[in-house]
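Each chain, letter by letter, is given below.
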Amino acid sequence: MMLVRLIYASTKTEHWNDYELKQLIDQSTERNRKECITGVLIFNRKYFLQCIEGKRSKVSELYARILHDKRHKNVQLLTLEEIDEREMERWSMCYVPDSQITQEMVLKYSDTTDFDPYDMTAKGALAFLRRSCELLN
Ligand SMILES: Cc1cc2nc3c(=O)[nH]c(=O)nc-3n(C[C@H](O)[C@H](O)[C@H](O)COP(=O)(O)O)c2cc1C
């Protein structure tokens, strides 16, 4: 088995209400669990930042679906790498809502206090995602 980690940033295209968001999270958690995909999704009501880890073929299939999903746009790949171990092994899909994104956390991994995942390095984004989930759980 070949384990990989993929991180991307994207921008929402439509208004997401809390119900739609919950549906996305629930469906993704369920499907990721079945496919042994682990990961984190951060959404600040404008941008998404997501990390997915798992078997290369499964991560590729999921990323293809995500790329074609009309609910967001400008999907930019931050990194795709082979890994020896997962960082997010505890979460099929850890969702970090905007209320949990503090300016201090953003500042730690960015050059401003505004959350903009397109401006993050892959390494910084991974640390930010992992730290956010640890604080939540
Ligand atoms: C920001 C974002 C993140 C998503 N994350 C996942 C995910 O982690 N797992 C998943 O199965 N689907 C995820 N989806 C949904 C997929 O794009 C897709 O709609 C879903 O997998 C169902 O695909 P299907 O209808 O082709 O089976 C995400 C969608 C968006 C917009």
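I will try to describe carefully the structure that is included in this document. No experiment lies behind these values; they were computed from the predicted model shown.

### Focus: the pattern of salt bridges
Opposite charge on two side chains allows them to pair when their charged atoms are near. As enumerated under the stated definition, the model contains 10 salt bridges in all. For E87, the salt bridge identified is with R130, shortest N-O distance 3.5 Å. Here E87 is found in the loop between strand 4 (72-82) and strand 5 (94-96), whereas its partner R130 is found in helix 4 (residues 122-136), with 43 residues between them in sequence. Judged by its relative accessible area of 24%, E87 is partly exposed. A network of salt bridges, in which partner residues are shared, links R5, E53 and E81.

### Brief notes about the sheet that holds strand 1 (residues 3-12)
Strand order in this open sheet of five strands is 4-1-3-2-5, and the pairing throughout is mixed. Each edge of the open sheet is held by one strand with a lone partner, namely strand 4 and strand 5. When the angles between neighbouring strand axes are averaged without regard to direction, this sheet yields 15°. Two strands pair when backbone bridges link them, and strand 2 (residues 38-43) and strand 5 are joined in this way by three bridges, in the parallel orientation. Paired with I42 across the two strands is V96, which belongs to strand 5. Helix 2 (residues 56-67) contacts strand 1, strand 3 (47-55) and strand 4 of the sheet and is inclined by roughly 155° relative to strand 3.

### Quick look at the nonpolar core
In summary, soluble globular proteins display a tendency toward joint burial of nonpolar side chains. The biggest cluster of nonpolar side chains holds 21 residues, and the ones touching the most others in it are V40, I42, L49, F115, F128 and L129. The element that contributes the greatest number of residues to this core is helix 4, accounting for five residues. Residues contacting F115, with those up to four places away along its chain left out, are I42, N44, Y47, L49, I101, V106, M120 and F128.

### Quick notes on the site of the ligand
Of all residues adjacent to the ligand, which total 14 residues, the nearest are R31, N32, Q50, R65 and D69. Measuring from an oxygen atom of the ligand, one finds a side-chain N or O atom of R65 at 2.8 Å. In the complex, 76% of the free accessible area of the ligand, which totals 620 Å², lies under the protein chains. At the level of elements, helix 1 (18-34), strand 3 and helix 2 are the ones that each hand at least two residues to the shell around the ligand. Here the element with the most residues in the shell around the ligand is helix 1; it accounts for four residues. When grouped by side-chain class, the residues that make up the shell around the ligand number six nonpolar, four polar and four charged.

What counts, and where the lines are drawn
- Residues numbered from 1 in each chain as written.
- Predicted model: local features only at pLDDT ≥ 70, side-chain atom pairs only at ≥ 80, totals over all residues.
- Heavy atoms only, no water.
- Salt bridge = Lys/Arg side-chain N within 4 Å of Asp/Glu carboxyl O.
- Helix = DSSP H or I, 4+ residues; strand = E, 2+ residues; numbered from the N terminus.
- Buried < 20%, exposed > 50% of the residue type's maximum accessible area, 1.4 Å probe, protein only.
- Pairing = 2+ DSSP bridges.
- Axes fitted to C-alpha atoms, helices over the stretch in contact; angles between N-to-C directions.
- Contact = heavy atoms within 4.5 Å.
- Core = buried A, V, L, I, M, F, W, Y, C linked by side-chain atoms within 4.5 Å.
- Near = heavy atom within 4 Å.
- Polar contact = N/O pair within 3.5 Å; in protein donor to acceptor, adjacent residues only side chain to side chain.
- Areas by Shrake-Rupley, 256 points an atom, 1.4 Å probe, with all protein chains shown as cover.
- Nonpolar A, V, L, I, M, F, W, Y, C, P; charged D, E, K, R; others polar.

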